[in-house]
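# Inside the fold
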Amino acid sequence: MPNISSVSEFLLLAFADTRELQLLHFALFLGIYLAALLGNGLILSAVACHHRLHTPMYFFLLNLALLDLGCISTTLPKAMANALWDTRAISYQGCAAQVFFIVFFFDAEFFLITVMAYDRYVAICKPLHYGSLLGSRACAQMAAAAWGSGFLYTILHTATTFSLPLCRGNAVDQFFCEIPQILKLSCSNTYLREVRALVFSVFLAFGCFVFIVVSYMQIFRAVLRMPSEQGRHKAFSTCLPHLAVVALFVSTAMFAYLKPPSISSPSLDLVVALLYSVLPPALNPLIYSMRNQELKNAVRKLFPYILLKHP
């Protein structure tokens, strides 16, 4: 029976069979990737360059932009290269790297949006204690905990997944390497180790989700009690973008991993994977900038600065 040491490369799922459609997919992915780079890059630059944005909320937003850049850069460049060069192959090391980074960035992002929910809860429900509960040291510790937790879970899942012997070929039914697809290639009597780890992660993710929901229940209760309409509008304008990001991230991920097997198909799995791996990193900058006038103004001020620096 062949084991994992006999696999030198994997074959990813192709988006199309004809050359014209492959080039069309390349152009589409390139446009999405450049838009994600531009949007998240502008948020990073705006937060870093403007002192008025040196607050806990924007500090966490900067971390979110970094994670989004890492997430989309893990999947799309390889998909674009395969479409451009008409190939499906990815090396064993490249597949392991994709699994490592996609799990790392997704886990860290989910922990981070949980921290961001706590930030909004303190800002709305305990404004007098905001400075003491979310000082610079506390923010750095919470962000480091999100990144560190993601890293530890990534080590656990990647090491467990790639220690399994493979008995079912090397064709991955996805446009990037992900753990469920690798498990489908493993021997039936050995993959349960990783399934146990995945179940533990699901329970942890559910705990984070419950924390976010309870936080926003408290937030909405506090906002509706505000006597000032202007105060309610300001509170909603800072909370709704984060809530939209949470809804986009959680809904696409849940549909990807919890959809009934009866409706599963390679084409549907491909579309769903695009939704949860590409859509949030590309749309998050737009979601956060739509209702945030302060961020819009900071981004506008970047352009004269860039032009002056590069005549």
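What comes next concerns the included structure. (Residues numbered from 1 in each chain as written. Predicted model: local features only at pLDDT ≥ 70, side-chain atom pairs only at ≥ 80, totals over all residues. Heavy atoms only, no water.)

## Observations regarding the state of the cysteines
Simply put, disulfide is the name for a covalent bond between the sulfur atoms of two cysteines. This is how it is decided: Any two cysteine sulfur atoms lying within 2.5 Å of each other are counted as a disulfide. Secondary structure counts use DSSP, requiring at least four H or I residues in a row for a helix and at least two E residues in a row for a strand, with both numbered from the N terminus. Working definition: with a 1.4 Å probe on protein chains only, accessible area under 20% of the residue-type maximum means buried, over 50% means exposed, and in between means partly exposed.
All chains considered together, the criterion is met by one disulfide. Paired through a disulfide, Cys95 and Cys177 show a sulfur-sulfur distance of 2.1 Å. One quick way to see it: the torsion about the S-S bond of Cys95 and Cys177 is about -120°, and its sign makes the bridge left-handed. Pair noted here: Cys95 is in helix 3 (residues 92-125) and Cys177 is in the loop between helix 5 (136-161) and helix 6 (179-184), with a separation of 82 residues, a long-range link. The two residues Cys95 and Cys177 agree in class, both being buried. Just so you know, Cys125 is unpaired, no disulfide at all, and the nearest cysteine sulfur is the one on Cys239, 8.5 Å from it. With relative accessibility at 26%, the residue Cys125 sits in the partly exposed group.

## A short note on the pattern of salt bridges
Just so we agree on the cut-off: Salt bridge, as used here, is a side-chain nitrogen of Lys or Arg placed within 4 Å of a carboxyl oxygen of Asp or Glu.
Inspection of the entire model under this criterion finds two salt bridges. The closest approach of N and O atoms between Arg120 and Asp119, which form a salt bridge, is 3.0 Å. The same class applies to Arg120 as to Asp119, namely buried.

## Considerations on the nonpolar core
Generally speaking, nonpolar side chains in soluble globular proteins are found buried as a group. Selection criterion: Nonpolar core, defined: a set of buried Ala, Val, Leu, Ile, Met, Phe, Trp, Tyr and Cys residues in which side-chain atoms within 4.5 Å join the residues together. Contacts were defined at the residue level, with two residues in contact if any of their heavy atoms lie within 4.5 Å.
In terms of nonpolar packing, the biggest core is built from 86 residues, with Phe10, Phe60, Leu64, Ile113 and Leu295 touching the most fellow members. With residues near it in sequence (within four places) discarded, Leu295 still touches Ile43, Ala46, Leu53, Tyr58, Leu61, Tyr288 and Ser289.

## Notes on helix 5
Here is the rule we go by: By this rule the span expected of a helix is its residue count minus one, scaled by 1.5 Å.
For helix 5, built from 26 residues, the straight-helix expectation of 38 Å at 1.5 Å per residue is met to within 8% by its first-to-last C-alpha distance of 37 Å. What helix 5 keeps buried is the set Cys139, Met142, Ala143, Ala146, Gly150, Tyr153, Thr154, His157, Thr158, Thr160 and Thr161.

## Focus: the packing of aromatic side chains
Just so we agree on the cut-off: Aromatic rings from Phe, Tyr and Trp, with only the six-membered ring used for Trp, were paired whenever their centres fell within 6.5 Å, and each pair was classed as stacked if the ring planes differed by under 30 degrees, edge-to-face if by over 60, and tilted otherwise.
In total, this model carries 14 aromatic pairs according to the counting rule given. Between Phe100 and Phe101, the aromatic rings sit 5.2 Å apart at their centres with planes inclined by 85°, giving edge-to-face as the arrangement. Classification of Phe101 as partly exposed rests on a relative accessible area of 37%. Within the aromatic cluster, the residues linked to one another by ring pairs are Phe100, Phe101, Phe104, Phe105, Trp147 and Phe151.

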